[in-house]
Amino acid sequence: MVGRREGKRNGKRGLYKNLADERKSNSAMKQKMIDFLLDNANPSIKLRVKKEILRNITKQEETQLQEQILEEKIIRLIGEKQLANGWIGLGFHGSSKDAGQYDNQEVGTKYMGEKGLKGTELLDRAMDAYATTKLTDRCYGTKGEYWSEFEVPAQGPNIVRCACIARAHYDDVIDISPQIRLSLESFQRVTQVDSIWDVSRPVKKGRLFNKNERWPCRYHLEILTFTAEQWKNEENVAMLAEAFRRLMRTDREEIINTPVRCWVGNHAVGPGWLLNEGYSISGDGLNGHASDGVRRTNLEKVEWLSRCGLYPHLPELREEVEFILDNINSDGCCSVAMYDGEFRGWSPYFGAQLETDWRAQIRRQCDVTFRVLLIIHYAGIM
C-alpha cells in the first residue's frame, strides 16, 4: 500500500515536472518571438508588442513610435486624402471609382487602428467623422438611404461603421454597445435553428432573409473580436463556440455556403461577408483551399477566434494553432504557409500586413510572426 502511494506521488511529481518543463519551454519560445520582432520589425509591430503583449510601453515610447508610423507612405497618403470633417477620401466601403485602396473611410480607419495609431490627431479626426456624420449622408454610398442593421440581417452601413470603430479600438469613445448585443444575438440565432434556410425563404434566383431576423456576418465577428473585454464571459463564449460548431458543419451539401439576399433587388451575399454553414477555419475568406496541395492556414481567422476565447472549445481551432506552432523555428521566427493575397491585400474583407513591403524576406517573416504571437497570446498557450 505504501509503495503504491509512493508510486502515485512519484508519478504526479513526474507529471508536474513535465508540465513545468513544457511551460518553461513555451515561455522561452514566446520570448524569442518577442526578441525577434523587437530587433527586426516595423515601428507599428514594435509598438503593439510593447503595448499589447508586454504591456510595458511608456507614453514617450508610444509617441515616438507613432511619429515614425505617421511618416510611412500609406499613412501620409491617408492624411493627404482626409477631408475637413475628418472623413478619409471620397468613399466608405472600400475602394471605388472615387476612392483608392487606402483612401476610403473603412479601410483607412481599420488600417490605422491596426498600425497602432489610436490617440493620434489623424485617427481621432477620422473617428470624429464617424461620430458626427449622419448615416443618411451620401458619403456612406447608400444614396441617402438608411438600412437598419436591426431590421436586415448581416447588412447596413452602421454595422460596417461599428466594426471600424471596434477595429480601431475607439469603442471606449463611441458607444457601440447595441451593435455588440446585436452581434451576440446574431450568433445565438445559429444555435436556435437548423440552418440558414430557417431564417430565409426561397425567391426567384435564390433566397431572401426574413425581415427582422438575425444571422452573423464578418462584421458581427469583427465587432466581437475587438470588443471582447466588454462581452466575454463563460456563457457568451460557450454560445459562440456552439455557433461555430454548427457553422462548420459539412453534413448537408445543399446548405453549405448558401448565398442569401438581404432585400429584393439586393445581390446575394455569400462567404466573405456572411458566415455560412461550411465555414472553414483553415480556408481562405471564401472557405476554399488552394488546389496546389500546399497546406495553408488563415491567420486572420485563427487570430479572431482566439481573441474571442474559443481556443479551448473548438478542436479545429486547436489543430490549426498546432499546425502554426510547428512552423516556428528555433530563432522564434514563423514561416507558416498562408494565403498571401488575403494577408497583404488590404480591403474591407481582409488585410493584416503591417510592414511597409515584403521586398526583404525578413519583413514577411516579421508580419507573419507577429500574427502568430498574437494568436498564442490570446489563446493563452504560452
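As shown above, the structure is provided for reference.
Not measured: the values here are computed from a predicted model. (Residues numbered from 1 in each chain as written. Predicted model: local features only at pLDDT ≥ 70, side-chain atom pairs only at ≥ 80, totals over all residues. Heavy atoms only, no water.)

Run through the overall build of the protein chain, naming residues and quoting values.
Regarding its fold elements, the protein chain presents 15 helices and 2 strands. Overall size of the protein chain, expressed as C-alpha extent along the three principal axes, is 80 × 50 × 40 Å. Expressed as a percentage of its 382 residues, the buried residues of the protein chain come to 53%. Summarising the internal contacts of the protein chain: among those between residues at least 6 apart in sequence, 66% fall at separations of at least 24. Within the structure as shown, the protein chain displays about 17,700 Å² of accessible surface, and the carbon and sulfur contribution to it stands at 49%. For the protein chain, the distance from the average site of its 55 positive side-chain charges to the average site of its 54 negative ones is 3 Å. (Helix = DSSP H or I, 4+ residues; strand = E, 2+ residues; numbered from the N terminus. Buried < 20%, exposed > 50% of the residue type's maximum accessible area, 1.4 Å probe, protein only. Contact = heavy atoms within 4.5 Å. Areas by Shrake-Rupley, 256 points an atom, 1.4 Å probe, with all protein chains shown as cover. Lys, Arg positive; Asp, Glu negative; His and termini not counted. Charge placed at Lys NZ, Arg CZ, Asp CG, Glu CD.)

Account for the packing of helix 8 (residues 177-192) against helix 9 (residues 218-225), naming residues and giving values.
The packing of two helices is summarised by the inter-axis angle and the distance between the axes. The N-to-C vectors of helix 8 and helix 9 enclose an angle of 120 degrees; their axes lie 9 Å apart at closest approach. With respect to helix 9, the axis of helix 8 lies oblique. For the element pair helix 8 and helix 9, the recorded crossing hand is left-handed. Here helix 8 contributes Gln179, Ile180, Leu182, Ser183, Leu184, Ser186 and Phe187 to the contact with helix 9, which in turn contributes His220, Leu221, Ile223 and Leu224. (Axes fitted to C-alpha atoms, helices over the stretch in contact; angles between N-to-C directions. Parallel < 35°, antiparallel > 145°, perpendicular 65-115°, else oblique. Left-handed = near helix turned anticlockwise from the far one by under 90°.)

Give me helix 11 (residues 234-247): which residues, what numbers.
Taking 1.5 Å as the rise per residue, helix 11 with 14 residues should run 20 Å; its terminal C-alpha atoms sit 20 Å apart, in good agreement. Within the span of helix 11, buried status applies to Asn236, Val237, Met239, Leu240, Ala241, Ala243, Phe244 and Leu247. Regarding helix 11, its N-cap is asparagine 233, as a side-chain oxygen of that residue lies 3.1 Å from the backbone nitrogen of glutamate 235 further along. (Expected span 1.5 Å × (residues − 1). Polar contact = N/O pair within 3.5 Å; in protein donor to acceptor, adjacent residues only side chain to side chain.)

If you had to explain the nonpolar core to someone new, which residues and values would you point to?
Side chains of a nonpolar character, in soluble globular proteins, are inclined to be buried together. Among the nonpolar cores identified, the biggest contains 110 residues, and Phe187, Phe244 and Leu310 are the most heavily contacted of them. When residues of this core are assigned to their parent elements, the largest contribution, 9 residues, is made by helix 15 (residues 361-379). (Core = buried A, V, L, I, M, F, W, Y, C linked by side-chain atoms within 4.5 Å.)

Describe the pairing of strand 2 (residues 206-209), with residues and values.
In this sheet, strand 2 lies alongside strand 1 (residues 200-203) in antiparallel orientation, the contact comprising 4 bridges. Paired with proline 202 across the strands is arginine 207, a residue of strand 2. Connecting the antiparallel pair strand 1 and strand 2 is a turn made up of 2 residues, with lysine 205 showing a positive phi of about 65 degrees. (Pairing = 2+ DSSP bridges.)

Pulling in residues and values, what's your account of the pattern of salt bridges?
Scanning the model with the defined rule gives 29 salt bridges in all. A salt bridge links lysine 51 to glutamate 62; the nearest nitrogen and oxygen atoms lie 2.7 Å apart. Of this pair, lysine 51 sits in helix 2 (residues 43-54) while glutamate 62 sits in helix 3 (residues 59-70), and the two are 11 residues apart along the sequence. The closest approach of N and O atoms between arginine 359 and aspartate 357, which form a salt bridge, is 3.3 Å. On the accessibility criterion, arginine 359 (74% relative accessible area) is exposed. We classify aspartate 357 as buried; its relative accessible area is 12%. (Salt bridge = Lys/Arg side-chain N within 4 Å of Asp/Glu carboxyl O.)

Describe the packing of aromatic side chains, naming the residues involved and giving the relevant values.
Taken as a whole and judged by the stated rule, the model has 13 aromatic pairs. Here tyrosine 219 and tryptophan 273 contribute two aromatic rings whose centre-to-centre distance is 5.0 Å and whose plane-to-plane angle is 65 degrees, an arrangement assigned as edge-to-face. Highlighted residues: tyrosine 219 in helix 9 and tryptophan 273 in the loop between helix 11 and helix 12 (299-307), separated in sequence by 54 residues. We classify tyrosine 219 as buried; its relative accessible area is 0%. Assessed through its relative accessible area of 10%, tryptophan 273 is described here as buried. One aromatic cluster is present, formed by Trp87, Phe92, Tyr130 and Tyr140 through successive ring pairs. Positioned above the aromatic ring of tyrosine 170, the side-chain terminus of lysine 118 is 5.5 Å from the ring centre. (Phe/Tyr/Trp six-rings, centres within 6.5 Å; stacked < 30°, edge-to-face > 60°. Lys NZ or Arg CZ within 6 Å of the ring centre and 35° of its normal.)

Any chance you could break down the environment of valine 237 for me, citing the residues and the numbers?
Within the secondary structure, valine 237 is located in helix 11. Distance in space between the C-alpha atoms of valine 237 and tyrosine 140 is 33 Å, their sequence separation being 97 residues.

Account for the state of the cysteines, naming residues and giving values.
Enumeration according to the criterion identifies 0 disulfides in this entry. As a non-bridged cysteine, cysteine 162 has cysteine 164 as the owner of its nearest cysteine sulfur, 9.0 Å distant. Since its relative accessible area comes to 1%, cysteine 162 is described here as buried. No disulfide involves cysteine 334; its sulfur sits 7.2 Å from that of cysteine 333, the nearest cysteine. (Disulfide = S-S within 2.5 Å.)

That's the geometry; what it means functionally is another story.
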